[in-house]
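# Report on the structure
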Amino acid sequence: MSENSSNLAQPPKPLFRGVAVSVGLALWVILAFFVAGFAVFGLFYGLEKLQISLSFVSSASLQLLQASLIYMLTLAIAISVPRILTKHRTSLQDLGLHRAPDWKDIGFALVAVVPYILMSVGLVLLATNYLPGFDADQVQEIGFETVTNRSGLIVAFITLVIIAPIAEEALFRGYLYGKMRRVTNIIVAILVTSMAFAFVHGQINVGLDVFALSVVLCLLREVTGSIWAGVLLHMLKNGVAFYFLFIFVG
């Protein structure tokens, strides 16, 4: 375990209090995410009602703009509201952004691919055998289903493979996991963070996959002390998915 990772660990806390605070943090992040989503879609709905045309912007570019605004607003709400109410600041250390990525992060990300795949496949197999009505092949709705031209694919790539991994890691393995590790142990922090991450993805089959991904991403945060190895693994995972969704089928 690296020297940086020790910054996450704190003296032992009462388990019940740690679990309660962790669940509260997870619910807060989920609430911030949905409030941001409603606010952004409300903004675009209001522009439409005011007859302010955005027809000069492609549908893919609008998706990119909406996603970027939702991620930025979610982080702003999650971080700023507690600071205003409690005066507790969120540092770059808390977010796992206190250092630049390095070559070790690439190595950790590549090694972590194997446990992620094994855990994901294992959870899907268990759900297939024991969860009635589970559909492992249900298609995930990502908002770019109608993209076919090159410019649209570039915008989709930027959104799904670059922006989403960075923003989601900063929010979940950065802010949420970093805050949890100051009040509870590693197991509680990983499980609660991963359940929250699975929940916001909506679908059960996708939720199982990203739960497995989040477990590995949390461990990467713990070992490296930052989110960069997790960002790289997340980008790799989304990049592979992007290829099979948009390139391989073409």
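Values in this document were obtained by computation on a predicted structure and should not be read as measured data. (Residues numbered from 1 in each chain as written. Predicted model: local features only at pLDDT ≥ 70, side-chain atom pairs only at ≥ 80, totals over all residues. Heavy atoms only, no water.)

## Focus: the pattern of salt bridges
- Enumeration according to the criterion identifies seven salt bridges in this entry.
- Across the salt bridge formed by R173 and E169, the nearest N and O atoms sit 2.6 Å from each other. One end of the pair, R173, and the other, E169, are both in helix α5 (residues 150–180), four residues apart, so they sit about a helical turn from each other. Grouping residues by exposure puts R173 and E169 together as buried. (Salt bridge = Lys/Arg side-chain N within 4 Å of Asp/Glu carboxyl O. Helix = DSSP H or I, 4+ residues; strand = E, 2+ residues; numbered from the N terminus. Buried < 20%, exposed > 50% of the residue type's maximum accessible area, 1.4 Å probe, protein only.)

## Overview of the packing of helix α7 (residues 204–224) against helix α8 (residues 228–247)
- Packing of α7 against α8 brings their axes to within 8 Å, and their N-to-C directions diverge by 155°. The angle between α7 and α8 falls in the class roughly antiparallel. Taken together, the residues of α8 that come into contact with α7 (itself represented by D209, V210, L213, V216, L217, L220 and T224) are A229, G230, L233, H234 and K237.
- Split by residue class, the contact of α7 with α8 holds seven nonpolar, three polar and two charged. (Axes fitted to C-alpha atoms, helices over the stretch in contact; angles between N-to-C directions. Parallel < 35°, antiparallel > 145°, perpendicular 65-115°, else oblique. Contact = heavy atoms within 4.5 Å. Nonpolar A, V, L, I, M, F, W, Y, C, P; charged D, E, K, R; others polar.)

## Re the packing of aromatic side chains
- For the structure on display, the rule yields six aromatic pairs.
- Taking 5.8 Å as the distance between ring centres and 85° as the angle between the ring planes, the aromatic pair formed by F33 and F34 counts as edge-to-face.
- Here F34 falls in the partly exposed class, since its relative accessible area comes to 36%.
- Each ring, one from F157 and one from F242, has its centre 5.4 Å from the other, and the planes form 80°; the classification is edge-to-face. In this pair, F157 sits in helix α5 while F242 sits in helix α8, placing the two residues 85 residues apart along the sequence.
- Look at F157 and you get partly exposed, because its relative accessible area is 35%. (Phe/Tyr/Trp six-rings, centres within 6.5 Å; stacked < 30°, edge-to-face > 60°.)

## A closer look at α7
- With 21 residues, α7 ought to run about 30 Å at 1.5 Å a step, and its terminal C-alpha atoms sit 30 Å apart, in line with that.
- Here α7 lies mainly inside the structure; 17 of its 21 residues are buried. (Expected span 1.5 Å × (residues − 1).)

## Section: helix α1 (residues 15–49)
- Counted at 1.5 Å a residue, the expected span for α1 with its 35 residues is 51 Å, and the 50 Å between its end C-alpha atoms agrees.
- Among all positions in α1, only G18, S22, L25, A26, V29, I30, A32, F33, A36, G37, V40 and F44 are buried.
- Those residues of α1 that are buried lie in contact with α2 (59–86), α5 and α6 (186–199).
- Among the residues trailing α1, Q51 stands out with phi positive, at a value near 60°.

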